[in-house]
Amino acid sequence: MPAAPLTKSALFDRLAAGHAARVSVVTPNLRLAQELSREFDRYQLARGLALWDAPDIVSFAAFVTRAYEDALYSDLAAGLPVVLTAAQEQALWEGIVGRTEEATGRLLALPQAAAAARDAWKTAHEWRLLGALKEARRNEDAEAFAAWAERYERLTRRDGHTESARLPDVVAGLLAQACIRKPALLVRFGFDIVTMQQDAFFAALEAQGCAIATCAPQGRGGSAVRVRCADTRDEIRQAARWARQRLEAGPQVRIGIVVPDLAQQRNALRRTFTQVMGPGHVQPFNISLGEPLASHPLVDAAFLTLELAGRAVAFERASGFMRSPFIGAAEAEMAQRARLDAAVRRRAEPELTLERLVALAGAQAPRARAPALERVLGQLAEFRKARLFGAQSPAEWGRAFSDALALAGFPGERALDSAEYQTLKKWHDVLSQFAQLERVVPRMGYGEAVARLRRMAADTAFQPESPEVPVQILGVLESAGCEFDHLWVMGLSVDAWPLAARPNPFLPLALQRAAGIPESSADASLELDRRITQGWLGAAGEVVFSHPAREADRELAPSPLVAAIPEHALDLPAYPSLRDALFAGRLVERIEDAAAPALASREAQGGSALIKDQAACPFRAFARHRLGSEGLEAPHAGLDALERGSLVHRVLAAAWEQLETKHALDSISDAELRAILDKAADDAVARQKRDRPSTLGGRFAQVEKRRLARLARDWLHLERGRGDFSVFAIEAKRSIEVGGLQLGGRLDRVDETADGQRIVIDYKTRAPAAGAWLGERPDEPQLPLYLTAAEPRARAIAFAQVKAGDMKLVALAADKDILPGARTLPDGRLKKAAENWDAQLAAWRDELDRLARDFAAGKACVDPKPRACDYCDQQPFCRIHEREGGLGEDDEAAA
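I will try to describe carefully the structure that is included in this document. (Residues numbered from 1 in each chain as written. Predicted model: local features only at pLDDT ≥ 70, side-chain atom pairs only at ≥ 80, totals over all residues. Heavy atoms only, no water.)

What about the overall build of the protein chain?
- What the protein chain contains, in helices and strands, is 35 helices and 23 strands.
- Over its C-alpha trace the protein chain gives a radius of gyration of 38 Å, far above what one expects of a compact globule, namely 29 Å for 895 residues.
- Each principal axis of the C-alpha distribution contributes one length, and for the protein chain these read about 120 × 65 × 50 Å.
- For the protein chain, long-range pairs separated by at least 24 residues make up 76% of all intrachain contacts whose partners lie at least 6 apart in sequence.
- Of the roughly 43000 Å² that the protein chain leaves accessible, carbon and sulfur atoms contribute 51%.
- The protein chain carries 116 positive and 122 negative side-chain charges, and their two centres are separated by 3 Å. (Helix = DSSP H or I, 4+ residues; strand = E, 2+ residues; numbered from the N terminus. Rg over C-alpha atoms; globule rule 2.2 N^0.38 Å. Contact = heavy atoms within 4.5 Å. Areas by Shrake-Rupley, 256 points an atom, 1.4 Å probe, with all protein chains shown as cover. Lys, Arg positive; Asp, Glu negative; His and termini not counted. Charge placed at Lys NZ, Arg CZ, Asp CG, Glu CD.)

Next up, the structure:
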């Protein structure tokens with residue numbers, strides 16, 4: 001039986017005797033072992049020592065594993081079972097659960113069900129429940145688990161396997177062997193809970209002559225207060241300010257922050273503590289809970305590569321691959337790859353294959369090409385055909401994954417920092433563990449292999465090692481046994497503490513309660529959390545318990561376990577955030593920045609869109625047509641409005657190229673017209689399909705052809721109601737000079753009436769009203785620009801609205817006879833129009849000339865027309881909403 005408890009000072013005195021004393025200390029978890037080791041080091045330093053034997057302080061699991069390895073490297077090795085890795089064990093349970101009727105008929109999440117069964121297996125061994133399970137009354141879940149457990153035990157016995165759940169029992173049976181190193185004294189430190197399995201292990205060790213003692217944290221008997229916070233956000237902020245205040249008062253202090261729901265609050269904690277603690281390369285706090293390895297950017301880049309080498313992936317994943325810094329030559333081609341990504345978005349589908357991405361990358365203009373990336377994509381595509389098809393073993397897939405990543409230049413050309421290097425090392429460990437699945441998993445396809453590897457990475461919590469820091473942010477169980485100078489425990493509301501009972505669903509509840517398993521019942525959970533709370537009260541000289549007073553619209557009371565502690569309001573400094581600190585130190589220089597340098601050349605890119613943007617907002621025109629700023633497009637399924645409009649343009653252009661005149665339209669038979677339109681639709685779809693092959697294929701292409709032919713036929717029916725005319729120009733390129741600028745333009749169509757009067761026509765799927773052509777800064781200056789600068793003889797302009805069920809011409813003409821239904825001047829409903837056609841032409845020339853001269857002169861003020869910002873992609877650039885949001889003078893200057 002265990003000897004009388006040791007005090008911590010007595011324990012350290014024994015450890016100070018060195019290895020010759022043969023004293024070992026086991027703790028419930030790794031963190032407590034590390035904390036105790038560091039505390040012993042401080043103890044030795046305080047004694048004035050510079051050199052001492054490292055103490056043997058390990059977790060219980062590490063102690064058992066060490067004993068197993070002693071046997072493994074001895075003559076006993078041949079008779080030992082092989083210990084499965086966690087991944088192998090999970091895979092074996094998934095295979096067993098997946099083969100049952102329950103899995104195929106009722107279970108929806110196989111990995112989660114297998115993990116729960118694996119946890120039940122571990123619990124059953126820790127608390128000796130397997131024998132009682134056979135006799136106990138069982139519900140359907142327990143019946144299923146009993147069958148799974150029987151099969152699992154049979155398979156592992158046949159193959160000579162065991163796992164961490166049974167390893168203490170395996171080692172307990174080997175303790176009599178001389179090859180197993182056994183201490184003279186084993187000290188159990190900080191065990192709030194001792195399972196039946198652990199108790200049996202310690203008894204077996206004691207039977208071999210090893211003395212067993214216990215030791216617990218001594219408790220500091222400090223003061224404790226309770227703090228009521230407005231909500232969780234305020235609670236985190238106050239804890240961070242409190243920690244900084246204590247840290248500034250004594251830089252050598254040790255501060256603990258305990259968070260019951262650490263996994264949910266991790267990001268908020270990191271963000272708030274970083275802001276409050278201030279800038280610094282190494283932050284003075286550490287969050288103990290690691291993040292899933294799969295969420296680290298370097299590992300995500302590896303999965304981007306493997307996913308892209310498989311079936312079709314979401315475009316955003318392919319985009320992430322192109323822009324990733326962890327792919328070969330990413331630093332050298334950073335700008336080119338950004339341009340390539342922007343260009344590919346215009347023609348990509350929401351999902352695309354590697355082969356499609358190779359084609360899109362190779363079809364771009366030279367400025368948007370990234371040769372090194374294209375080589376990577378090409379090599380990866382060839383490798384995919386050669387190595388990534390068919391069923392293979394996990395070891396074969398592991399080699400293939402490594403080779404694929406090497407072809408992609410993973411992990412990139414730049415030197416990795418410390419955190420990235422550690423992440424890469426951990427990734428290699430997980431990849432190695434995946435290859436070891438060969439022992440328990442049959443051959444599988446590529447998709448299943450990548451999915452299983454991703455699950456392994458997601459299940460692997462990882463946090464890069466960092467220097468020891470004074471502020472430790474911990475979960476509940478990790479805090480057990482740890483001691484600090486100052487301790488803050490947050491989240492202690494009535495609904496969060498004590499924790500709710502969480503019995504394992506696959507084990508009969510009566511068995512769990514009878515065994516006294518913590519958290520198997522409300523009473524057991526309450527008792528455990530009461531002991532933990534008492535441990536916190538003695539863990540530091542200053543203890544703060546906090547709880548939120550509100551969650552959304554719900555009032556929260558403090559936990560009954562801390563409600564009796566006096567409430568106290570803390571006097572904490574209001575530390576400035578990093579943003580505030582930067583703003584406070586700024587020097588403000590005010591300049592008028594509404595004008596850019598004048599345009600050096602008369603030629604400008606953008607055509608009529610340049611004038612339209614200048615009219616809508618001078619800054620938009622400057623950003624788009626001089627700086628080349630453009631928003632990133634989001635790939636879309638099917639055809640968007642622009643693509644549909646382009647198809648209609650092509651069909652009508654092809655039809656009029658053959659018809660040429662109104663007389664031909666009137667004379668042609670229905671069958672001949674149908675043939676012309678069908679061919680025009682075929683050609684238009686085939687041309688568009690070169691850009692969007694997966695969108696315009698199969699049945700959808702046939703539907704689109706019929707739609708186009710029907711639209712064109714309905715439109716031509718409307719045009720039969722016009723007077724005699726001929727089509728003078730179709731899709732005609734023109735050079736346009738306005739306000740000293742030389743622009744390019746393309747006229748959809750120019751008609752000429754029988755008496756020689758021309759009409760400039762622009763096709764629209766939804767035509768604006770005639771008022772969009774008029775006034776200062778017109779909404780639609782394109783047709784007035786073509787009229788005045790490219791077709792000065794024209795006497796009418798018209799939008800041709802080609803829309804199913806609403807075909808019409810929106811026109812403005814010098815004379816009513818030119819075009820049926822056209823509006824003429826003067827027109828009382830057109831408030832911004834001139835008195836007559838000639839006056840309107842002069843007004844257009846003046847306004848268009850002014851807009852062009854303003855652009856050439858560099859006018860670039862942020863001056864949008866009403867509603868011009870609704871669909872503008874330059875808002876992050878001009879920051880118009882910061883101006884409209886009513887920022888203070890200083891903030892506006894800083895912005």
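From this point on, the discussion continues.
A short note on the sheet that holds strand E14 (residues 471-474)
- Strands sit in the order E7-E16-E15-E8-E14-E9 across an open sheet of six strands; the sheet is parallel. Two strands lie at the open edges of the sheet, namely strand E7 (223-229) and strand E9 (285-287), each paired on one side alone. Along the sheet, successive strands turn relative to each other by an average axial angle of 15 degrees, direction set aside.
- Sheet topology note: the strand E15 (residues 484-489)/strand E16 (residues 540-548) ladder contains five bridges and is parallel. Note on E16: the bridge partner recorded for His486 is Glu542.
- Across the sheet, helix H12 (residues 262-277) lies against strand E8 (255-258), E9 and E14, angled at about 165 degrees from E9, the strand it touches most. (Pairing = 2+ DSSP bridges. Axes fitted to C-alpha atoms, helices over the stretch in contact; angles between N-to-C directions.)

Examining helix H13 (residues 297-308)
- In a regular helix each residue adds 1.5 Å, so twelve residues correspond to 16 Å; H13 covers 16 Å between its end C-alpha atoms and thus fits that length.
- Within H13, ten of the twelve residues are buried, which leaves it mostly tucked inside the rest of the structure.
- All buried positions along H13 are accounted for by Leu298, Val299, Ala301, Ala302, Phe303, Leu304, Thr305, Leu306, Glu307 and Leu308. (Expected span 1.5 Å × (residues − 1). Buried < 20%, exposed > 50% of the residue type's maximum accessible area, 1.4 Å probe, protein only.)

Here we look at the side chain of Arg254
- Secondary-structure assignment places Arg254 in the loop between helix H11 (232-249) and E8.
- Taking relative accessible area as the criterion, Arg254 reaches 15% and is therefore assigned buried.
- A polar contact is formed between the side chain of Arg254 and the side chain of Glu35, at a distance of 2.3 Å. (Polar contact = N/O pair within 3.5 Å; in protein donor to acceptor, adjacent residues only side chain to side chain.)

Considerations on the pattern of salt bridges
- Scanning the model with the defined rule gives 75 salt bridges in all.
- Residue Glu704 is joined to Arg644 by a salt bridge in which the shortest nitrogen-to-oxygen separation is 3.2 Å. With Glu704 in helix H30 (residues 698-719) and Arg644 in helix H27 (residues 641-659), this pair connects stretches of sequence that are 60 residues apart.
- For Glu704, a relative accessible area of 2% translates into the label buried.
- When the shortest N-O distance is used, the salt bridge between Asp854 and Arg850 registers 2.9 Å. With Asp854 and Arg850 both in helix H32 (residues 837-857), this residue pair falls four residues apart, about one helical turn.
- A single salt-bridge network, built from bridges that share partners, covers Arg31, Glu35, Arg38, Arg42, Arg254 and Glu468. (Salt bridge = Lys/Arg side-chain N within 4 Å of Asp/Glu carboxyl O.)

Let's talk about the sheet that holds strand E1 (residues 23-27)
- Pairing is parallel across the open sheet formed by four strands, whose spatial order is E2-E1-E5-E6. The sheet is open, and its two edges are formed by strand E2 (56-59) and strand E6 (211-215), each paired on a single side. This sheet shows a mean twist of 25 degrees between the axes of neighbouring strands, independent of strand direction.
- Strands in contact with helix H2 (residues 30-46) are E1, E2 and strand E5 (185-189); relative to E2, the strand with the most contacts, it is inclined by about 160 degrees.
- Strand contacts of helix H3 (residues 60-72): E1, E2 and E5, with the helix running at about 105 degrees to E2, the strand carrying the most contacts.

Some words on the environment of Glu478
- Within the element layout of this structure, Glu478 appears in helix H21 (residues 476-479).
- Here Glu478 falls in the partly exposed class, since its relative accessible area comes to 23%.
- Between the C-alpha atoms of Glu478 and Leu696, which are 218 residues apart in sequence, the distance is 57 Å.
- Among all residues touching Glu478, those that are not within four sequence positions of it are Arg31, Leu262 and Ser288.
- Within polar-contact distance, the side chain of Glu478 engages the side chain of Ser288 at 2.6 Å.

Remarks on helix H23 (residues 522-537)
- Here H23 contains 16 residues, and its C-alpha end-to-end distance of 22 Å stays within 8% of the 22 Å for a straight helix at 1.5 Å per residue.
- Residues of H23 that are buried: Ser525, Leu528, Asp529, Ile532, Thr533 and Trp536. Projected onto a plane normal to the axis of H23, the buried residues spread over an arc of 140 degrees and lie on a single side. Residues of H23 that are exposed and point over 90 degrees away from its buried face: Asp523 and Gln534. (Arc of directions from axis to C-beta.)

Comments concerning empty space enclosed by the protein
- Using the criterion set out here, one finds one cavity of 30 Å³ or more in the structure.
- Considered as a void within the structure, the largest cavity measures approximately 70 Å³ in volume.
- Lining the largest cavity are Cys617, Phe619, Arg620, Val862, Pro864, Ala868, Cys869, Cys872, Gln874, Gln875 and Cys878.
- Where the lining of the largest cavity is concerned, the elements lending two or more residues are helix H26 (618-625) and helix H33 (875-878).
- Among the residues making up the lining of the largest cavity, the classes are represented as eight nonpolar, two polar and one charged. (1 Å grid on protein atoms, 1.4 Å probe; cavity = no way out; pocket = protein on both sides within 12 Å on 5 of 7 lines; lining within 4 Å. Points joined across faces, edges and corners; volume = space filled by probe spheres on them. Nonpolar A, V, L, I, M, F, W, Y, C, P; charged D, E, K, R; others polar.)

Topic: the packing of helix H4 (residues 86-99) against helix H6 (residues 110-126)
- H6 packs onto H4 with a crossing angle of 110 degrees between their chain directions and a minimal axis gap of 8 Å. The angle between H4 and H6 places the two elements in the roughly perpendicular class. As H4 runs across H6, the sense of the crossing is right-handed. Contact residues: H4 offers Ala86, Glu89, Gln90, Trp93, Glu94, Val97 and Gly98, while H6 offers Leu110, Pro111, Ala113, Ala114, Ala115, Ala117, Arg118 and Trp121.
- When the residues that make up the contact of H4 with H6 are grouped by side-chain class, the tally is ten nonpolar, two polar and three charged. (Parallel < 35°, antiparallel > 145°, perpendicular 65-115°, else oblique. Left-handed = near helix turned anticlockwise from the far one by under 90°.)

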